[in-house]
2 protein chains.
Amino acid sequence: MKISSKLLNVIRQNGSFLIAGHINPEGDAIGSILALALGLKKIGKKDVYLLSRDGVPEILKFLPSAKLIKNSPPKKIYDVLMIVDCNVPERTGFKDLTGKNTVVIDHHIPPGDSDSAEFYRSLAASFIDPHAAASGVLIYKLLTALKIPIDKNIAVNLYTAILVDTGGFRYSNTSPESLQTACHLVEAGARPWSITKEIFENIPYKSMKLLGLSLATLDKKDGIAWMTTTADMFKKTGATSEDSEDFVDFPRKVKDIEAAAFFREDGDNTFKISLRSKGRVNVEKIAKSFGGGGHFAAAGCKVKGTLKEVQEKVFSAVRAAIKNAK
Amino acid sequence: MKISSKLLNVIRQNGSFLIAGHINPEGDAIGSILALALGLKKIGKKDVYLLSRDGVPEILKFLPSAKLIKNSPPKKIYDVLMIVDCNVPERTGFKDLTGKNTVVIDHHIPPGDSDSAEFYRSLAASFIDPHAAASGVLIYKLLTALKIPIDKNIAVNLYTAILVDTGGFRYSNTSPESLQTACHLVEAGARPWSITKEIFENIPYKSMKLLGLSLATLDKKDGIAWMTTTADMFKKTGATSEDSEDFVDFPRKVKDIEAAAFFREDGDNTFKISLRSKGRVNVEKIAKSFGGGGHFAAAGCKVKGTLKEVQEKVFSAVRAAIKNAK
């Protein structure tokens, strides 16, 4: 997708920039806004304000210039408000965020409601490409179009953005374009192993210990693999629910199953359940039947009861879904 | 690195080819020999024999044309013996393997002993580039130099080769060249997620169960994280040592450590130990002091004794190495 000359002109002709990512930011949001800010500074834009309502997650603090990011909005009005890796002001966590000109740079599909339509009409320019694997790819293209040289610090930020949003070049959005961009970023000085180590090889001991105790409960039956983290395990390891965020990946990786489940005891006779499909079972439907939600292949819900009661309810729903899918 | 016209001519001017990978093959060996064979067939070479002494590992059986691979050598002498992803006949598991012409295509550093020197003098041609991330990259270059179009089946084999040898584009050998090649292979029809699923998301239940029991033993002290798989765990799960091949990755991923160790009880009062460094400690030296070997950051050895005795010996050596590295 080509970048509009409108967007290039808005950047060239203005002096001050407020760049905002989305709430609960991950590597693509943080890496993209940092790279954009570093790039703009290279062409003499000294007045750049970087905003992330929820700051920078611990795991991303290694990113070059991460300290520039602020978590409260500026007092003054900037020439250009740049909304990055999301497509409406609400997603930045500050719905009244404004600028003399507003631009959106994003790879998500824009919302279709009438409020949003009005917002889109008000934009000075935009660069929205839902086919891009990450906003990092779009920022790379924008900097290149602005003839800004990609230095090592920019490259590390953009490589991280693409790495995170493609799940380490694994997900189906790993396009030729994303690999080509990654290639240029490595040429520019990004070091895949050193970035990978920060993102995927830097797990707190308590988190890995919690995984060990939880994975020991792994079980399989009727096409379902599952594991459980109990309140007692959290207590024993000092870990929190954040530490168990990707645990459902382990039962999901088991061969010859249709669905995976992860049960997390949240205390108060309640379990949080994460569900994953291997491709044929719609786990969103199952999660919805328990008042939860999600997507076809990844969904979640909360169910009250003892572990045994909760598992029986969930397994019975999954078994029915597997039967229907056949 | 450029391909010699000698190599191109040996291929163009001959009709029959014996292509051999190495013992204990992984994705790079199997993917590379398959892609080479499929490519040669496209330019009319009908007489191609594919050899892998240890066959095709279960996890790689999805590779296009994997069934073509045989595990015993042919009766006749072929025009060209092509040794791929290794650099001496011994590594194919058949030290007397021969051909009217022999070529080596590999990305490992060739051995420097006098026997090997003689073997290298006898070669009709070679394509050896230790800077290449995988032999798959070299095969891609060779097929391109031979003007063989890369179809989907070739692309899947080569993508898998590169994916496996770069640890999923994570290790430090993830060069611009390897990402560029991966980009072309995705353009040619390789699907990253479908290949990733086969390689990284298809773990036998018994193997995952063994991981669960083993990871529950995770411990950390003095900058070392470690875990243990006992003979009893193998018995309980029905898993074999093959199932525990990557287990050392888990202690290695623990934050704020210098070295990781994995202890595997091999029965007979013996433990197989895998050692990993986070970058400062030379674990090869430690492994060598116990009669083992490896590289700076990844090494292994066997030590006799009870688990407690073996761990004390190893930890004391690692502690000393950490102290020296400071």
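This one's a predicted model, so the numbers in the text were calculated from it and none came from an experiment. (Residues numbered from 1 in each chain as written. Chains lettered and ligands numbered in written order. Predicted model: local features only at pLDDT ≥ 70, side-chain atom pairs only at ≥ 80, totals over all residues.)

**Things to note about the overall build of chain A**
Working step 1: Each helix and strand in chain A was counted, giving 12 helices and 12 strands.
Working step 2: Against the 2.2 N^0.38 benchmark of 20 Å for 326 residues, chain A shows a C-alpha radius of gyration of 22 Å, consistent with a compact globule.
Working step 3: Taking the principal axes of the C-alpha coordinates as reference, chain A spans close to 65 × 45 × 40 Å.
Working step 4: Nonlocal contacts in chain A, meaning residues at least 24 apart in sequence, comprise 60% of its contacts between residues at least 6 apart. (Helix = DSSP H or I, 4+ residues; strand = E, 2+ residues; numbered from the N terminus. Rg over C-alpha atoms; globule rule 2.2 N^0.38 Å. Contact = placed C-beta atoms within 7 Å.)

**Description of unusual backbone geometry**
Residues and elements named next belong to chain A.
Working step 1: Its identity is not glycine, yet Phe169 carries a phi of approximately 55 degrees, on the positive side.
Working step 2: Residue placement: Phe169 occurs in the loop between helix H5 (152-165) and helix H6 (176-187).
Working step 3: Judged by local crowding, Phe169 falls into the buried class, with 26 C-beta atoms found within 10 Å.
Working step 4: Notably, Asp268 is not glycine yet its phi reads approximately 60 degrees, a positive angle.
Working step 5: Take Asp268: it is sitting in the loop between strand E9 (259-265) and strand E10 (270-277). (Buried ≥ 20, exposed ≤ 12 C-beta atoms within 10 Å, placed from the backbone.)

**Quick word on the relation of the copies chain A and chain B**
Working step 1: Mapping chain A onto chain B is achieved by rotating through 180 degrees and translating by 0.1 Å along the same axis, at an RMSD of 1.1 Å. In the structure described here, the two chain copies are related by an operation that fits a two-fold rotation axis.
Working step 2: Most of the interface of chain A is mirrored in chain B, where 97% of its interface residues are also at the interface. (Least-squares fit on C-alpha atoms with pLDDT ≥ 70 in both.)

**Thoughts on the environment of Gly168 of chain B**
Working step 1: Along the chain, Gly168 of chain B turns up in the loop between helix H5 (152-165) and helix H6 (176-187).
Working step 2: Between the C-alpha atoms of Gly168 of chain B and Phe271 of chain B, which are 103 residues apart in sequence, the distance is 29 Å.
Working step 3: The residues touching Gly168 of chain B, leaving out its near neighbours within four places in the chain, are Gly168, Phe169 and Arg170 of chain A together with Leu163 and Phe200 of chain B.

**A short note on the interface of chain A and chain B**
Working step 1: With 36 residues of chain A at the interface, the matching set in chain B holds 36 residues.
Working step 2: Looking at the side of chain A that touches chain B, the elements that each hand over two or more residues are H6, helix H7 (192-200) and helix H8 (205-215) of chain A.
Working step 3: For the side of chain A that touches chain B, the per-class residue count stands at 21 nonpolar, eight polar and seven charged. (Nonpolar A, V, L, I, M, F, W, Y, C, P; charged D, E, K, R; others polar.)

**Points about the domain arrangement of chain A**
Working step 1: Under the domain assignment, chain A is made up of domain 1 (5-200) and domain 2 (207-325).
Working step 2: The straight-line distance from the C-alpha centre of domain 1 of chain A to that of domain 2 of chain A is 34 Å. (Domains from an automatic or database assignment.)

**Structural notes on the sheet that holds strand E2 (residues 47-51) of chain B**
Neighbouring strands of a sheet are bound in pairs by backbone hydrogen bonds; such pairs are parallel or else antiparallel.
Residues and elements named next belong to chain B.
Working step 1: Judged by pairing direction, the sheet is parallel, and its six strands sit side by side in the order E3-E2-E1-E4-E5-E6 without closing on themselves. A strand with exactly one partner marks an edge of an open sheet, and here the two such strands are strand E3 (69-70) and strand E6 (125-128).
Working step 2: Sitting on the sheet, helix H1 (residues 5-12) is in contact with strand E4 (78-84), strand E5 (99-106) and E6, with an inclination near 120 degrees to E6. (Pairing = 2+ DSSP bridges. Axes fitted to C-alpha atoms, helices over the stretch in contact; angles between N-to-C directions.)

**Brief notes about the environment of Asp54 of chain B**
Residue and element names in this part refer to chain B.
Working step 1: Its location among the elements puts Asp54 in the loop between E2 and E3.
Working step 2: For Asp54, a count of 13 C-beta atoms within 10 Å puts it in the partly exposed group.
Working step 3: Residues within four places of Asp54 in sequence aside, it is in contact with Ile23, Asn24, Pro25 and Asn71.

**Notes on the pairing of strand E9 (residues 259-265) of chain B**
All names here are of chain B.
Working step 1: For E9, the tally of buried residues reaches seven of seven residues, placing the bulk of the element in the interior.
Working step 2: The pairing of strand E8 (residues 224-229) with E9 spans six bridges and is classified as parallel. By the bridge assignment, Thr228 is partnered in E9 with Phe263.
Working step 3: As judged from the seven bridges shared by E9 and strand E10 (residues 270-277), these two strands associate in the antiparallel manner. Looking across to E10, one finds that Glu265 is bridged to Phe271.

**Considerations on the environment of Asn9 of chain B**
Residue and element names in this part refer to chain B.
Working step 1: The topology assignment puts Asn9 in helix H1.
Working step 2: Under the C-beta neighbour-count criterion, Asn9 is labelled exposed, with 12 such atoms within 10 Å.
Working step 3: For Asn9 and Pro111, which are 102 residues apart along the polypeptide, the C-alpha to C-alpha distance reads 26 Å.

**Here's the deal with the packing of helix H4 (residues 135-145) of chain B against H5 of chain B**
Residues and elements named next belong to chain B.
Working step 1: Between H4 and H5, the least distance of the axes is 7 Å, while the angle of their chain directions is 145 degrees. Here Ser135, Gly136, Val137, Ile139, Tyr140 and Leu143 of H4 come into contact with H5, specifically with Ile154, Leu158, Ala161 and Ile162.
Working step 2: Classifying every residue of the contact of H4 with H5 by side-chain character gives eight nonpolar, two polar and no charged.

**Here we look at the sheet that holds E9 of chain B**
Residue and element names in this part refer to chain B.
Working step 1: In space, the six strands of this open sheet follow the order E7-E8-E9-E10-E12-E11, with mixed pairing throughout. At either end of the open sheet lies a strand with only one pairing partner, and these are strand E7 (219-221) and strand E11 (293-294).
Working step 2: One ladder, built from three bridges, connects E7 with E8; its direction is antiparallel. The partner of Lys221 across the bridge, within E8, is Ile224.
Working step 3: Strand contacts of helix H12 (residues 307-325): E8, E9, E10 and strand E12 (298-304), with the helix running at about 160 degrees to E9, the strand carrying the most contacts.

**Let's talk about the nonpolar core**
Working step 1: Ile19 and Met82 of chain A together with Ile19 and Met82 of chain B are the most contacted members of the largest nonpolar core, which totals 124 residues.
Working step 2: Setting aside chain neighbours within four positions, we find Ile19 of chain B in contact with Ile33, Leu36, Ala37, Val48, Leu50, Leu51, Met82 and Val84 of chain B.
Working step 3: With 74 residues, the next largest nonpolar core counts Val314 and Val318 of chain A together with Phe250 and Ala287 of chain B among its residues. (Core = buried A, V, L, I, M, F, W, Y, C linked by C-beta atoms within 7 Å.)

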